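In case you want the letters, here they are:
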Amino acid sequence: MLTVILIAALFYIPFHVGPPVLLALLYGQDAGQRMEYARAVLLESVTTMFVSLGAFFWLWQDHLLAAVLIMIVMMAVPYWRVWRYRKTALQNS
């Protein structure tokens, strides 16, 4: 069980947190707004990561498909916020 937790965490965490935060940094008008966007996306990424990993480890033995679907859906949530930032940046240009 510990091995499964470590492998899932090592592969899931960098892909869940890194790209949305880096993308959020692209759409701020100035340094302050970029940091605000990055903090908001980082908080959302960490929150959804804990929820999805918790649900995965609770469901993986009996309902693997549901566990994987929860992880995929939770991985998309921070990208939705980044998409909203991008939309706002395009409207302001």
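Worth saying up front: this structure is predicted, and the values here are computed from it rather than measured.

Chemist: Tell me about the packing of helix α2 (residues 31-59) against helix α3 (residues 64-92), and please be specific about residues and values.
Modeler: For the pair α2 and α3, the least separation of the axes is 8 Å and the interaxial angle reads 175°. As judged from the angle between their axes, α2 and α3 are roughly antiparallel. Seen from α2, the contacting residues are Y37, A40, V41, E44, S45, T48, V51, S52, L53, A55, F56 and L59; seen from α3, they are L64, A66, A67, V68, I70, M71, M74, V77, P78, R81, V82 and Y85. Its residues assigned to classes, the contact of α2 with α3 shows 19 nonpolar, three polar and two charged.

Chemist: Outline the nonpolar core, listing residues and values.
Modeler: Soluble globular proteins tend to pack their nonpolar side chains together in the buried interior. Counting 17 residues, the largest nonpolar core has A24, V41, L53 and F56 as its most contacted members. Elements with a contribution of two residues or more to this core: α1 (2-24), α2 and α3. If sequence neighbours within four positions are ignored, L53 has contacts with Y12 and M71.

Chemist: Quick rundown of the environment of A76? Include the residues and the values.
Modeler: You can see A76 is positioned in helix α3. A76 sits twelve residues away from L64 along the chain, and the two C-alpha atoms are 19 Å apart.

Chemist: Can you explain the packing of aromatic side chains? Please cite residues and give values.
Modeler: Under the criterion given, the structure shown has two aromatic pairs. Taking the centre distance of 3.7 Å and the plane angle of 5° together, the rings of Y37 and Y85 count as stacked. In this pair, Y37 sits in helix α2 while Y85 sits in helix α3, placing the two residues 48 residues apart along the sequence. Under the relative-accessibility criterion, Y37 is labelled buried at 8%. Judged by its relative accessible area of 11%, Y85 falls in the buried class. Centroid distance F56 to F57: 5.3 Å. Interplanar angle 75°. Geometry classified as edge-to-face. In this structure, F56 and F57 share a single accessibility class: buried.

Chemist: Account for the pattern of salt bridges, with residues named and values stated.
Modeler: Applying the stated criterion to the full structure yields one salt bridge. E44 is the salt-bridge partner of R81, the closest N and O atoms lying 2.5 Å from each other. Of this pair, R81 sits in helix α3 while E44 is found in helix α2, placing the two residues 37 residues apart along the sequence. Relative accessible area serves as the criterion here: at 22%, R81 is assigned to the partly exposed category.

Parameters at a glance
Residues numbered from 1 in each chain as written. Predicted model: local features only at pLDDT ≥ 70, side-chain atom pairs only at ≥ 80, totals over all residues. Heavy atoms only, no water. Axes fitted to C-alpha atoms, helices over the stretch in contact; angles between N-to-C directions. Helix = DSSP H or I, 4+ residues; strand = E, 2+ residues; numbered from the N terminus. Parallel < 35°, antiparallel > 145°, perpendicular 65-115°, else oblique. Contact = heavy atoms within 4.5 Å. Nonpolar A, V, L, I, M, F, W, Y, C, P; charged D, E, K, R; others polar. Core = buried A, V, L, I, M, F, W, Y, C linked by side-chain atoms within 4.5 Å. Buried < 20%, exposed > 50% of the residue type's maximum accessible area, 1.4 Å probe, protein only. Phe/Tyr/Trp six-rings, centres within 6.5 Å; stacked < 30°, edge-to-face > 60°. Salt bridge = Lys/Arg side-chain N within 4 Å of Asp/Glu carboxyl O.

Take it as geometry only, folks, not as evidence of what the structure does.
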